[in-house]
Amino acid sequence: MLWLKDALKEFCMKSIRFNHAALRLAMMGGVALTQLTLPQVSQAADTTTTNNNSAVTAAPAQGQLIDGVIAVVNDNAILNSELEQAVAQAVAQLRASKQPVPPAQQMYSQVLNQMITRQLQLDLVKRQGLNADDNQVNNALSNIAKQNSAASLADFQQKVDKTRPGTYQALRQQISDDLAIQALQQQQMARRVRITDQDVDMFLRSPESNALDESQYRTLHVRVPYSSSTATGAITDKQKQQALNIARQIADGLRADNADLNSVIEKAQLNYAPQIQGGDMGFHVAKDLPTEISKDITALQVGQVSQPLVTPEGVNVIKLIDKKGGGQQVIDQWSTRHILISPSPSLSPEMAKQQIDSIYQQLQQGADFATLAATYSKDGSAANGGSLGWVTEGEMVPQFEAVMKNTPVNDFSTPFQTQFGWHILKVDAQRKQDVTDTYRRNMARELLYQRMAPQALEDWLQELRAQAYIKINQ
């Protein structure tokens, strides 16, 4: 079910313990790493447990730089040097985001706990044969490459490996492992979190369901802070104008097709000293939006960008990227067919392209689309003349959706390519569908899931630790 798939994805992404940004900052020198003393292994004392549900209490001993095993997790060892590096990365991330850094002993304890929990999950990933999808890994790496102003993934690899050989492969493995853990957590939560139709009915009859009728706004929010060079911190008219000019530049950048927030901010930052802040703020109801700009946000249509909004703290720019809730839900749907020709060991990419071009020529000459789909398409829909039924926005990969939206009813597209192969699609009909009831039930399920999943995940992780062999040297 789509609602559960989306909810699982959102929740499990939040539950991944190690942040790629921290690894990126540490490896690429994005922030200065504090030199921390390596933990020391005491020969006189260690703690062994096969049912370790309590917090790790290992802390670094001061002064001595020796590498060794700080913990054993099943058949895997965690080294002092690995713990030190993980702590350094965590400290770097906290400082980069201007968050307080806990005392050293607490920091080491928390990070070691996370490393143990992570290793337990990776062990299970390996036993179950779960693998991250290469396309997902490449997409994640491409996003990091963009954030670091690399022209391409190859350029990014050269840049990071020049700084420190092997960095790119380490980062790729980190992302691959995190995605595999995400898949594992999705699998476990799907088994453990059960929401019945009766649960949904009870929620919809409760006062809590009123929240489903409130509009929710998902925004990109950028703030250009004022610069201040005076002893009193007073902001001059000139400084206000500078911030306003930068905000206008950002607003123009966000209005462009396929605008990338990070790229827009990086470009604006070149001409402005104070740190520009911005990010995807997720979904919020109107009452939870910043008071001084909430009326401007709620007046936007999806895709629109606000004019610069002046506040005492700086100049804000808002882009509304999605909106949901708020009464009747009517969506566009397309009744669609397609023909798919996929390369295979017996069909080279060149031959697949030749075959789709031949099919397109037959369509141009009046051949029946359903008949050709049933004859040639390498897809489960072939048995039904290529019919995909009614398709809603967001269900298909972006390339397919873009072509579908631009194909007139009763017409077919030119051949186009996705990661699945070569397609030709035909739009049989288009309609607007009232899905208010379905939407409310799906939202109720998602809210119930978000309420139950954190505890279910924590219970599962505790069970995983209870069943494991964990030895901690301290």
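All figures in this text were calculated on a predicted structure; none of them were measured in a lab.

## What about the nonpolar core?
- By size, the foremost hydrophobic cluster in this structure holds 41 residues, and its most contacted members are Ile 78, Leu 83, Leu 112, Ile 116 and Trp 460.
- Elements represented by at least two residues in this core include exactly strand S2 (69–73), helix H3 (80–96), helix H4 (104–128), helix H7 (167–192), helix H8 (197–205), helix H15 (436–466) and strand S13 (470–473).
- Counting residues per element, this core draws most heavily on H15, at eleven residues.
- Counting 20 residues, the second largest nonpolar core, distinct from the first, contains Val 222, Ile 246, Val 264 and Val 315.

## Focus on the sheet that holds strand S7 (residues 314–324)
- In spatial order, the strands read S5-S4-S7-S6; together these four strands make up an open sheet with antiparallel pairing. The open sheet is flanked by strand S5 (277–285) and strand S6 (309–311), the only strands paired with a single partner. Geometrically, the sheet is characterised by an average inter-axis angle of 30 degrees between neighbouring strands, direction not taken into account.
- Bridging between strand S4 (residues 216–225) and S5 involves seven bridges; their strand directions are antiparallel. The residue of S5 that forms the bridge with Val 222 is Gly 278.
- In this fold helix H9 (residues 237–255) packs onto S4, S6 and S7, with an angle of close to 25 degrees to the strand it touches most, S7.
- Lying on the sheet, helix H10 (residues 261–269) is in contact with S4 and S5; it crosses S5 at an angle near 140 degrees.

## With respect to unusual backbone geometry
- One non-glycine residue, Asn 74, lies in positive phi territory at about 55 degrees.
- Inspection of the secondary structure assignment puts Asn 74 in the loop between S2 and strand S3 (76–79).
- With relative accessibility at 24%, the residue Asn 74 sits in the partly exposed group.
- Non-glycine residue Asn 410 carries a positive phi angle of around 70 degrees.
- Judged by relative accessible area, Asn 410 falls into the exposed class, the value being 56%.

What counts and what doesn't
Residues numbered from 1 in each chain as written. Predicted model: local features only at pLDDT ≥ 70, side-chain atom pairs only at ≥ 80, totals over all residues. Heavy atoms only, no water. Core = buried A, V, L, I, M, F, W, Y, C linked by side-chain atoms within 4.5 Å. Buried < 20%, exposed > 50% of the residue type's maximum accessible area, 1.4 Å probe, protein only. Helix = DSSP H or I, 4+ residues; strand = E, 2+ residues; numbered from the N terminus. Pairing = 2+ DSSP bridges. Axes fitted to C-alpha atoms, helices over the stretch in contact; angles between N-to-C directions. Contact = heavy atoms within 4.5 Å.

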